[in-house]
Every structure is written in structure tokens, then in C-alpha cells.
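Architecture at a glance
Spelled out from the first residue to the last, the chains are:
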Amino acid sequence: NGGIGSAFDELEMNRVMLENRGARLRGVILNKVRPDKVEMIRDYFGRAVASRWGVPLLGVVPDLPFLGKATLGDLENLLGGELIAGQRYRDLHFGTSRRGYFSDESRRRRGRESS
């Protein structure tokens, strides 16, 4: 969010830290890139990391709202529980839809509460 220069500076700091620890940088993946900037960032950073560090830009992940939401499987693991129904929805991101997350009884109660 601080712009291309600050993102590159942060990458450089991490690259130096890896180098100081004897680790080899094999490539770069950029995360949380504004969707309208993905192509420009891919072009700029791709050239920059290749020319300065000799490594490829492996990927650019756009900052999409649903990527920050947990999946039902994530919640299942976090809470140490097990889904009792809806296993086929395990990879859906929680909060993207209300359909299927409430029992018929809870829907009826919610309907009465909003009346």
C-alpha cells in the first residue's frame, strides 16, 4: 500500500536478510497487489528483480476481498472441530454467501426477529 518503491525496498531488506543467513533467493511472489495494478506490477517487478537480483518474478497475487476470508475448512481446523454437514462447501470462503450456513430453524428464528 505504500507504493512500488517502498514495496521494492521491503523486498530488498528481506533479500539481504536471507543472504546474511546463507539462504538463496530463488524467486519472488508479490501478494496483495491492487487488481487494477497487477499487469503493471508484473512488468515492472519482473524486470527489476531479474536485472538486480537475477531471480524470476514467480507470481503476482491480486488483493481480492474473498482471499482474506477464511474457508469453512480453515474454521474447522482452527476450532479443532468437524463439519457435520456441508463437507462439499469446505473450500468456500466464509461470509461470501449466507446460503447453506444456517439451519431451517435458525432461518425461521431470524425471520421472526426481523419482523
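It should be noted that the structure appears before, not after, this text.
Going along each chain's sequence as written, the residues are numbered from 1 onward. The predicted nature of this model means local features are confined to residues of pLDDT at least 70 and side-chain atom pairs, given and counted, to a pLDDT of 80 or more, with totals for whole chains, interfaces and linings taken over all residues. Working from all heavy atoms in the structure, the side-chain values ignore hydrogens and water.

Judged from the four bridges that link them, strand β1 (residues 28–33) and strand β2 (residues 57–62) form a sheet pairing that is parallel. The residue of β2 that forms the bridge with V33 is P62. By definition, the crossover connecting two strands over a helix is right-handed if that path, from the first strand to the second, turns clockwise as seen with the strands pointing away from the viewer. The secondary structure listing takes helices from DSSP runs of H or I that are at least 4 residues long and strands from runs of E that are at least 2 residues long, numbered from the N terminus. Between the parallel pair β1 and β2, the chain is carried across by helix α2 (residues 38–53), and the sense of this crossover is right-handed. Any two strands between which DSSP finds at least two bridges are classified as paired.

Our focus in this paragraph is the packing of aromatic side chains. Aromatic contacts are taken between Phe, Tyr and Trp rings whose centres are within 6.5 Å, Trp giving its six-membered ring; a plane angle under 30 degrees counts as stacked, one over 60 as edge-to-face, and the others as tilted. Enumeration over the complete set of coordinates arrives at three aromatic pairs. An angle of 35° between the planes, with centres 5.8 Å apart, marks the rings of F8 and F45 as tilted. Highlighted residues: F8 in helix α1 (residues 4–20) and F45 in helix α2, separated in sequence by 37 residues. Across the pair, exposure class does not vary: F8 and F45 are buried alike. Here the aromatic cluster, defined as three or more aromatic residues joined through ring pairs, consists of F8, Y44, F45 and W53. Here the term buried applies to any residue with accessible area under 20% of the maximum for its type, exposed to any over 50%, and partly exposed to those in between, with areas from a 1.4 Å probe on protein chains only.

Considered for burial, the residues of helix α3 (residues 72–79) that qualify are L72, G73 and E76. One face of α3 carries all of its buried residues, which in axial projection span an arc of 100°. Downstream of α3 by one or two residues, G80 has phi in the positive range, about 65°. Of all possible arcs, the one meant is that of the directions from the helix axis to the C-beta atoms.

On to the nonpolar core, then. Nonpolar cores are built from buried Ala, Val, Leu, Ile, Met, Phe, Trp, Tyr and Cys residues. Side-chain atoms within 4.5 Å join them into one set. Ranked by internal contacts, the top residues of the largest apolar core, which has 14 residues, are V28, L30, F45, V49, W53 and L57. Put simply, the parts of the chain that give this core at least two residues each are α1, β1, α2 and β2. A total of six residues in this core trace back to one element, the largest contributor, which is α2.

Phi is positive for K32, which is not a glycine, with a value near 60°. Here K32 shows up in strand β1.

Whenever a carboxyl oxygen of Asp or Glu lies within 4 Å of a side-chain nitrogen of Lys or Arg, that contact is scored as a salt bridge. Taken as a whole, this structure holds six salt bridges when the rule is applied. Residues E19 and R15 are paired through a salt bridge, measuring 3.1 Å at the closest nitrogen-oxygen approach. Highlighted residues: E19 and R15, both in helix α1, separated by four residues, approximately one helical turn. Judged by relative accessible area, which is 18%, R15 ranks as buried. The partner of E76 in a salt bridge is R90, with the nearest N and O atoms 2.8 Å apart. On the criterion of sequence distance, the pair formed by E76 in helix α3 and R90 in the loop between α3 and α4 (104–114) is long-range, its members being 14 residues apart. Salt bridges sharing common partners tie together E12, R15 and E19.

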